[in-house]
Amino acid sequence: MHQVALAPCSPFSVTGDLMIETAKLARQLGVRLHTHLAETIDEEDYVKAHFHMRPLAYMESLGWTGPDVWFAHGIHFNHEELAFLAETKTGVAHCPISNMKLSSGVCQIPEMLKLGVPVGLGVDGSASNDASNLLTDLRVGFLLQRLSASNNAPTGYDFLKMATRGSAHLLGRDDIGSLAVGKAGDLFMIDTQNISLVGTLQDPKALLGRWVSPEPWIIPWSTVRSPWPMGN
């Protein structure tokens with residue numbers, strides 16, 4: 001139930017030497033690398049002023065790109081940088097509520113998915129997301145992309161896949177992220193008889209993205225009385 005990753009906070013809060021040594025240690029131990037990147041224009045200006053390159057180029061120079069790396073946010077990448085992320089399989093964790101609360105910007109999720117950038121869904125830290133509720137971020141993320149990208153926005157089902165398969169992929173996990181034989185998982189149920197969910201059966205895959213936050217109608221498995229005995 002636990003997984004170790006090495007995660008200096010950001011390229012403007014630690015030294016380049018620390019980032020280099022962290023990358024070396026992570027690859028020596030076979031664990032993943034995580035930091036915040038391309039979150040704000042202030043960060044971009046800082047990296048340009050101090051290291052004379054854009055944030056992603058700086059991270060590449062420190063050994064911080066590849067399929068064992070994922071960045072939180074990734075709002076301010078340009079097209080060439082998104083193509084590079086796709087080519088190197090460097091991941092991005094989209095944190096929509098945090099981005100909105102801090103007025104950081106809107107992540108380019110449609111282009112990322114089109115190019116094949118590995119994308120998952122996150123909540124960021126408690127300092128910038130008071131709820132830290134992934135289900136809420138799923139719905140808000142869908143609505144934010146609809147507002148900014150209109151018909152090019154990912155569907156509610158796309159966001160469900162980002163939150164499940166996509167996030168598991170960023171973590172390097174093949175034992176979670178989808179419903180399949182042999183995979184670990186929890187179960188909850190949603191009562192679709194609630195009037196607010198009247199359209200659910202028309203597109204059940206999009207439920208968590210398109211309808212009102214489902215928490216009040218979740219039935220935890222522990223409260224369900226099964227009519228049959230449960231095995232080990």
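Notes on the structure in this doc start here. Note that the coordinates shown come from a computational prediction; the quantities given were computed from them, not determined experimentally. (Residues numbered from 1 in each chain as written. Predicted model: local features only at pLDDT ≥ 70, side-chain atom pairs only at ≥ 80, totals over all residues. Heavy atoms only, no water.)

Regarding the overall build of the protein chain
The helix and strand inventory of the protein chain stands at 9 helices and 7 strands. Taken over the C-alpha trace, the protein chain has a radius of gyration of 19 Å; the compact-globule value for 232 residues is 17 Å, and the two agree within 12%. For the C-alpha atoms alone, the extent of the protein chain along its principal axes is close to 65 × 45 × 30 Å. For the protein chain, the proportion of its 232 residues judged to be buried stands at 41%. Looking at the protein chain alone, contacts between residues at least 24 apart form 66% of all its contacts between residues at least 6 apart. With 17 positive and 23 negative side-chain charges, the protein chain shows a spacing of 8 Å between the two charge centroids. (Helix = DSSP H or I, 4+ residues; strand = E, 2+ residues; numbered from the N terminus. Rg over C-alpha atoms; globule rule 2.2 N^0.38 Å. Buried < 20%, exposed > 50% of the residue type's maximum accessible area, 1.4 Å probe, protein only. Contact = heavy atoms within 4.5 Å. Lys, Arg positive; Asp, Glu negative; His and termini not counted. Charge placed at Lys NZ, Arg CZ, Asp CG, Glu CD.)

Comments concerning the pairing of strand β4 (residues 91–94)
By the alternation rule, side chains of β4 split into Gly-91 and Ala-93 and Val-92 and His-94, which are all buried. Examined bridge by bridge, strand β3 (residues 69–73) and β4 share 3 bridges and lie parallel to one another. Residue pairing for β4: Phe-71 is matched across the bridge by Val-92. With helix α4 (residues 79–88) bridging β3 and its parallel neighbour β4, the resulting β-α-β unit is right-handed. With 3 bridges connecting them, β4 and strand β5 (residues 119–121) associate as parallel partners. Across the sheet, His-94 pairs through a bridge with Leu-121, a residue of β5. (Pairing = 2+ DSSP bridges. Right-handed = clockwise from strand over helix to strand, strands pointing away.)

Let's talk about helix α2 (residues 41–51)
By the burial criterion, the buried members of α2 are Glu-43, Glu-44 and Val-47. Seen from one end, α2 has its buried residues packed into an arc of 100 degrees, which puts them on one side. For α2, the exposed residues lying more than 90 degrees away from the buried face are Asp-42 and Ala-49. On the buried face of α2, the contacting elements are β2 (32–37) and α3 (55–61). Downstream of α2 by a residue or two, His-52 has a phi angle that is positive, lying close to 60 degrees. (Arc of directions from axis to C-beta.)

Digging into the side chain of Ser-167
Among the secondary structure elements, Ser-167 is positioned in helix α8 (residues 156–170). A relative accessible area of 14% means that Ser-167 is categorised as buried. At 3.0 Å, the side chain of Ser-167 forms a polar contact with the backbone nitrogen of Leu-121. Residues within four places of Ser-167 in sequence aside, it is in contact with Val-119, Gly-120, Leu-121 and Met-162. (Polar contact = N/O pair within 3.5 Å; in protein donor to acceptor, adjacent residues only side chain to side chain.)

Concerning the pattern of salt bridges
Enumeration over the complete set of coordinates arrives at 10 salt bridges. Residues Glu-21 and Lys-24 are paired through a salt bridge, measuring 3.5 Å at the closest nitrogen-oxygen approach. Note that Glu-21 and Lys-24 are positioned in helix α1 (residues 16–29) at a spacing of 3 residues, about one turn of the helix. The partly exposed category is assigned to Glu-21, whose relative accessible area is 46%. Residue Lys-205 pairs with Asp-203 through a salt bridge whose shortest N-O separation is 3.8 Å. (Salt bridge = Lys/Arg side-chain N within 4 Å of Asp/Glu carboxyl O.)

Here we look at unusual backbone geometry
For His-73, which is not glycine, the phi dihedral falls at a positive 90 degrees. Among the structural elements, His-73 can be located in strand β3. One non-glycine residue, Ser-103, lies in positive phi territory at about 55 degrees. On the secondary structure map, Ser-103 appears in the loop between α5 (96–101) and α6 (109–115).

Overview of the sheet that holds β4
The strands making up a sheet are joined through hydrogen bonds of the backbone, oriented either antiparallel or parallel. Taken in spatial order, the 5 strands line up as β1-β2-β3-β4-β5 in an open sheet, and their pairing is parallel. A strand with exactly one partner marks an edge of an open sheet, and here the two such strands are β1 (5–6) and β5. Here 5 bridges tie β2 to β3, and the two strands are oriented parallel to one another. Across the sheet, His-36 pairs through a bridge with Ala-72, a residue of β3.

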